[in-house]
Amino acid sequence: MAGYLDQYGAGDERRIKVIKTLVFSLIALVILGGVAFFVFHNYKQERQVKRFLESLQAHDYQGAYAFWVSTDSDRRGYPFQSFMQDWGPSSGHADVSGFQITKSRSCGNGVILTVDFAKGQQEKLWVRRDDPVIGFSPLPGCPAPR
């Protein structure tokens, strides 16, 4: 036969267990959110560079050039002939097979991506955030915050 005080404090124990579960769940969500942000923050720009390099591998130079320029003024400033000198079959980047993005760093309104190629070559590319146009990085790295 159960006594009157057998269930005394059971509600408090249940409430404490629920609160602990909620607190640990929130901490886990914050940690997972931080990791996801760190891993996927530059995903769009990294994917853009991968598509650009895949176009070069397929010898689709017009398609690759479209990743590099977006407006008529871009085309006037960097014509297709100049692009072919930099990325075409007779350039130093003729063989982009085995490329790997080794570093991705947010810098102001863009991302600096370091790409390593199979022959030991390395190139730093700049991808804008608002309009994912690719270009050579204007800086070797992000300037230190002041």
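Above this text is the structure in question.
Residues numbered from 1 in each chain as written. Predicted model: local features only at pLDDT ≥ 70, side-chain atom pairs only at ≥ 80, totals over all residues. Heavy atoms only, no water.

(A) Just helix α2 (residues 43-57), in detail. The terminal C-alpha atoms of α2 lie 21 Å apart, and with 15 residues this matches the ideal 21 Å at 1.5 Å per residue to within 8%. Considering only its buried residues, α2 is in contact with α3 (61-68), α5 (80-87), β1 (100-107), β2 (110-116), β3 (122-128) and β4 (134-136). Remark: H59 follows α2 within two positions and exhibits a positive phi of approximately 60°. (Helix = DSSP H or I, 4+ residues; strand = E, 2+ residues; numbered from the N terminus. Expected span 1.5 Å × (residues − 1). Contact = heavy atoms within 4.5 Å.)

(B) Structural context of the packing of α3 against α5. Their axes nearest at 11 Å, the elements α3 and α5 cross at an angle of 105°. By the angle between their axes, α3 is roughly perpendicular relative to α5. Residues Y61, Q62, A64, Y65 and W68 of α3 pack against F80, F83, M84 and W87 of α5. Residues that form the contact of α3 with α5 fall into these classes: eight nonpolar, one polar and no charged. (Axes fitted to C-alpha atoms, helices over the stretch in contact; angles between N-to-C directions. Parallel < 35°, antiparallel > 145°, perpendicular 65-115°, else oblique. Nonpolar A, V, L, I, M, F, W, Y, C, P; charged D, E, K, R; others polar.)

(C) Region of interest: the layout of surface pockets. Approximately 160 Å³ is the volume found for the largest pocket. Lining the largest pocket, in full, are F37, F38, V39, H41, N42, E46, S104 and S106. Elements supplying a minimum of two residues to the lining of the largest pocket: α1 (10-40) and β1. Per-element accounting of the lining of the largest pocket gives the leading share, three residues, to α1. Here the lining of the largest pocket is built from residues that sort into three nonpolar, four polar and one charged. (1 Å grid on protein atoms, 1.4 Å probe; cavity = no way out; pocket = protein on both sides within 12 Å on 5 of 7 lines; lining within 4 Å. Points joined across faces, edges and corners; volume = space filled by probe spheres on them.)

(D) Region of the structure containing the packing of aromatic side chains. Counted by the stated rule, this structure contains 12 aromatic pairs. With centroids separated by 6.3 Å and ring planes inclined at 85°, the aromatic side chains of Y78 and F83 adopt a geometry described as edge-to-face. The exposure class assigned to F83 is buried, which follows from its relative accessible area of 0%. (Phe/Tyr/Trp six-rings, centres within 6.5 Å; stacked < 30°, edge-to-face > 60°. Buried < 20%, exposed > 50% of the residue type's maximum accessible area, 1.4 Å probe, protein only.)

(E) Here's a closer look at unusual backbone geometry. One non-glycine residue with positive phi stands out, namely H59, at about 60°. Among the structural elements, H59 can be located in the loop between α2 and α3.

(F) Seen up close, the sheet that holds β2. Strands sit in the order β1-β2-β3-β4 across an open sheet of four strands; the sheet is antiparallel. Strands with a single pairing partner mark the edges of an open sheet, and in this sheet they are β1 and β4. Across this sheet, the average inter-strand angle for adjacent strands is 30°, counted without regard to direction. In terms of strand pairing, β1 meets β2 through seven bridges, oriented antiparallel. Across the sheet, the residue bridging to S106 is V111, located in β2. (Pairing = 2+ DSSP bridges.)

(G) Region of the structure containing the side chain of S91. Among the structural elements, S91 can be located in the loop between α5 and β1. A polar contact is formed between the side chain of S91 and the backbone oxygen of D86, at a distance of 3.2 Å. Engagement of the side chain of S91 in a polar contact is seen with the backbone oxygen of G88, the distance being 2.7 Å. (Polar contact = N/O pair within 3.5 Å; in protein donor to acceptor, adjacent residues only side chain to side chain.)

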